[in-house]
Amino acid sequence: MVDLSGLSERSEFSPVIIRTDFTDEAAWQETTAELERSSPHDGGPAQSYDVVDAPELDGADTDAVLAAISAHEELWEQLSVVFVADGTTMRAGHLLAVTTLTREDFDDDEDYEASVEFGREFRTMPGGVHSIHVNLELANMDFEEFSSSAQEDSEGVFRSFAER
């Protein structure tokens, strides 16, 4: 079981990153440096994002990561998106953004299908994490707006709406 107890005091505006790959510390340091540069907070990583080290999820698929989070009901109810630092992150620098919303979170099938029209996950540059998380938390944007943008990118990565 993944230890998520350290997240009980997290700010609702701090994205949660589940680190599942530990093969390249230099790549991880580059990822966290970009997260910090793109953070709206000046107080450092403790205020700008929360990391859960989960070596037990190394190689796990999206369903396993979501199951680990859903086991912590309070956290599960707080999150609409979680970011995964996996092997692809260490090789290519792109985090995986995964919606935690399920069919039960929507009034009908049509709304749910629209939400996951482009999939329930997509890749994002670390610099996009804060924008994605806060806009979903504030309900300024929907998950499909970000996943659609990623799908339109030649590499399938959300970069930012400003770069388009």
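See above for the structure.
No experiment lies behind these values; they were computed from the predicted model shown.

Criteria and thresholds
- Residues numbered from 1 in each chain as written.
- Predicted model: local features only at pLDDT ≥ 70, side-chain atom pairs only at ≥ 80, totals over all residues.
- Heavy atoms only, no water.
- Phe/Tyr/Trp six-rings, centres within 6.5 Å; stacked < 30°, edge-to-face > 60°.
- Helix = DSSP H or I, 4+ residues; strand = E, 2+ residues; numbered from the N terminus.
- Buried < 20%, exposed > 50% of the residue type's maximum accessible area, 1.4 Å probe, protein only.

**Q** Help me understand the packing of aromatic side chains, please; the structure alone is not making it clear to me.
**A** Here the distance between the centres and the angle between the planes together describe a pair of aromatic rings. Counted by the stated rule, this structure contains four aromatic pairs. Both rings, one in F122 and one in F158, keep their centres 6.5 Å apart while their planes meet at 70°; by these two values the pair is edge-to-face. Note that F122 is positioned in strand β5 (residues 121–124) and F158 in strand β6 (residues 157–158), a separation of 36 residues in sequence. Just as F122 is buried, F158 falls in that class too. When the centroid spacing of 5.2 Å and the interplanar angle of 80° are considered together, the rings of F146 and F158 count as edge-to-face. Note that F146 is positioned in helix α8 (residues 143–152) and F158 in strand β6, a separation of 12 residues in sequence. Through pairs of rings, three or more aromatic residues link up here, namely F122, F143, F146 and F158.

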